[in-house]
Structures are given as structure tokens and as C-alpha cells.
Amino acid sequence: YTDVPVLGAVAEDPRLALAERHLGLPTCEERADARAWIGEVGRIVAQQVDLERVFALAASATPLATVIEQDPAPALAGNSRLRIGVARDRAFGFYYPDDLEALAAAGAELVFFDTLADAALPSALDGLIIGGGFPETAMAALEANASMRASIRAAIAAGLPTYAECGGLMFLTRSITWRG
């Protein structure tokens, strides 16, 4: 019924199902089996789609007529390299890659830490980012890591520039209540 070439069709399969929850899909940081699951999805799709033709069509596509050129991020002033702590774990894993790449391109050293497992913030930070995520799903573990919470609280109280969004901002509140 169409002159568009059909390169495959992926049948409904419970192995492809994505669990949903109150705020959308779980992040990769929350799935211990994320890499294995992605590999399984790839195998399932490859069995049902002519990937060689997909890649060949993609390679033959006409380039976009308009490419928006952006100036590279300005380099940080001075020779010192800013160290920015970035919370990255199953509670805080939602970051826009462009934001992190822009900080690194500007010369910042991104120092990732785990709010659930690390005892304290990394040393000698010049800034702190606690991004989006789902702290409500890891409340018990976050509460249990009192030393990390104290480290973050002390650093912010001492003037450490901090950016928190969504779940990160929730984490910085006095308490979180979810499902009673």
C-alpha cells in the first residue's frame, strides 16, 4: 500500500517492555542490567529489521541544508581548572549531555560522585551540581548516608556554588515524603 520500502517490523515482545512510573521511565542509572537489556533489545530488533539497508539508506541521505554553527565555549579565565562535583548515581542521573560537555569544553574538570555510596564530597571542589533524578525512589539509601548529606550541607553552608534541579532540589530540602 506504499512506495516507501519496508525494512522490517518489530513484533510486540515482553522483553522490549519499558516499565513506567509516576514521573516517566526509569533512568539507565537505576537499572543494574541496562547494558545487557540494551544488547538484548538490539538482538531482537536485528532479527526483525534489515539493518544493513537501514544503514545504507542513512549513509545515502542528503545532508541537512542548514547547519547551525556554534562558537566553542569560552575558555575559563586564568590557568586554574575548576573542579565541579556532579552527583551521578541511581538517585541523580538526569543530565543534559550538552551541559556537561560545555562545562568540560570550557575547561572544567567534572568529578562524579555517588550520593548513595560515597562517604563525602570529593575534595577541592569549586562548584556542585545535583541534577534531576528520582531521590524519592532511593530515600532509604539517601537517608542512611548521613555522612554524605552532612558533607553536602557543610559545603553549601560554607559557600560552595551549587546548582540543583528537580530531584537535586528535592534532595536539598528538609524532607521528602512519598507514598506516605
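As a reminder, the structure under discussion sits directly above these lines.
Notes on the structure follow. (Residues numbered from 1 in each chain as written. Predicted model: local features only at pLDDT ≥ 70, side-chain atom pairs only at ≥ 80, totals over all residues. Heavy atoms only, no water.)

### Remarks on the overall build of the protein
Logical step 1: For the protein, the helix and strand inventory stands at six helices and six strands.
Logical step 2: In sequence order, the secondary structure elements of the protein are arranged as α-α-β-β-α-β-β-β-α-α-β-α.
Logical step 3: Here the C-alpha atoms of the protein give a radius of gyration of 22 Å, more than 25% beyond the 16 Å that 2.2 N^0.38 yields for 180 residues.
Logical step 4: Along the first, second and third principal axes, the C-alpha atoms of the protein reach 65 × 50 × 25 Å.
Logical step 5: Put simply, the protein has 180 residues, and 26% of those count as buried. (Helix = DSSP H or I, 4+ residues; strand = E, 2+ residues; numbered from the N terminus. Rg over C-alpha atoms; globule rule 2.2 N^0.38 Å. Buried < 20%, exposed > 50% of the residue type's maximum accessible area, 1.4 Å probe, protein only.)

### Some points on unusual backbone geometry
Logical step 1: In this structure, alanine 124 is a non-glycine residue whose phi angle is positive, near 55°.
Logical step 2: Topologically, alanine 124 is positioned in the loop between strand S3 (109–113) and strand S4 (127–130).
Logical step 3: The phi torsion at cysteine 166 lies on the positive side, around 50°, for a residue other than glycine.
Logical step 4: Turning to its location among the elements, cysteine 166 is positioned in the loop between strand S6 (162–164) and helix H6 (167–171).
Logical step 5: By relative accessible area, which is 53% here, cysteine 166 ends up exposed.

### Some words on the nonpolar core
Logical step 1: Ranked by size, the top nonpolar core spans 25 residues in total, and within it Phe92, Leu121, Ile130 and Ile152 carry the most contacts.
Logical step 2: When contributions to this core are tallied by element, the ones reaching two or more residues are strand S1 (83–87), S3, S4 and helix H5 (146–157).
Logical step 3: Excluding residues within four positions of it along the chain, leucine 121 makes contact with Phe113, Leu128, Met148, Ser151, Ile152 and Ala155. (Core = buried A, V, L, I, M, F, W, Y, C linked by side-chain atoms within 4.5 Å. Contact = heavy atoms within 4.5 Å.)

### Section: the pattern of salt bridges
Logical step 1: By the definition in use, this model includes four salt bridges.
Logical step 2: Arginine 15 is paired through a salt bridge with glutamate 40; the nearest N and O atoms lie 3.1 Å apart. One end of the pair, arginine 15, is in the segment before helix H1 (34–48); the other, glutamate 40, is in helix H1, and 25 residues separate them in sequence.
Logical step 3: Salt-bridge contacts for glutamate 109 lead to arginine 83; the nearest nitrogen and oxygen are separated by 3.3 Å. Of this pair, glutamate 109 sits in strand S3 while arginine 83 sits in strand S1, and the two are 26 residues apart along the sequence.
Logical step 4: Its relative accessible area of 28% is what places glutamate 109 among the partly exposed residues.
Logical step 5: Each of Asp13, Arg15, Glu40 and Arg43 takes part in salt bridges that share partners, so that together they form one network. (Salt bridge = Lys/Arg side-chain N within 4 Å of Asp/Glu carboxyl O.)

So, to be careful, I would describe these as geometric facts and stop short of saying anything about function.
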